[in-house]
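# Coordinate inspection notes
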Amino acid sequence: MATAKTIVTIVFILICLVLTVIILMQEGKSAGLGAISGAADTYWGKNKGRSMEGMLVKFTKALVVLFMLISGILNIGSF
């Protein structure tokens, strides 16, 4: 049982590190001065889900769900 807890803890630490890096790689959500002139409605602005930024957002959401599940499992204490 101690081996399983060690493995889950290592996976949890790896998820924490990857999640931190992915969040830092994302662009800011504030539009800045580009919103004044309408620069936010470019091709890349409309297809955000297919771009690298969209993939980072989806991957972040998946990692956050894993983070919450594993933190709950580790918090139970009987594991």
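Before reading further, recall that the structure is shown in the block above.
Residues numbered from 1 in each chain as written. Predicted model: local features only at pLDDT ≥ 70, side-chain atom pairs only at ≥ 80, totals over all residues. Heavy atoms only, no water.

In terms of regular secondary structure, the protein is built from 4 helices and 0 strands. Mapped in sequence order, the helices and strands of the protein form the string α-α-α-α. By the burial criterion, 14% of the 79 residues in the protein qualify as buried. Restricting to contacts in the protein with at least 6 residues of sequence separation, those with at least 24 account for 84%. Working note: accessible area of the protein is about 6100 Å², and carbon and sulfur atoms make up 72% of it. (Helix = DSSP H or I, 4+ residues; strand = E, 2+ residues; numbered from the N terminus. Buried < 20%, exposed > 50% of the residue type's maximum accessible area, 1.4 Å probe, protein only. Contact = heavy atoms within 4.5 Å. Areas by Shrake-Rupley, 256 points an atom, 1.4 Å probe, with all protein chains shown as cover.)

Below, the discussion takes up the environment of isoleucine 73. Within the secondary structure, isoleucine 73 sits in helix α4 (residues 52-76). Its relative accessible area of 38% is what places isoleucine 73 among the partly exposed residues. Sequence-wise, isoleucine 73 and lysine 5 are 68 residues apart; in three dimensions their C-alpha atoms are separated by 9.6 Å.

Moving on, we come to the packing of aromatic side chains. Applying the stated criterion to the full structure yields 1 aromatic pair. Plain terms: the ring middles of phenylalanine 12 and phenylalanine 67 are 5.1 Å apart, the flat faces sit at 20° to each other, and that makes the pair stacked. Taken together, the residues phenylalanine 12 in helix α1 (residues 2-25) and phenylalanine 67 in helix α4 connect sequence positions 55 residues apart. Classification of phenylalanine 12 as buried rests on a relative accessible area of 17%. (Phe/Tyr/Trp six-rings, centres within 6.5 Å; stacked < 30°, edge-to-face > 60°.)

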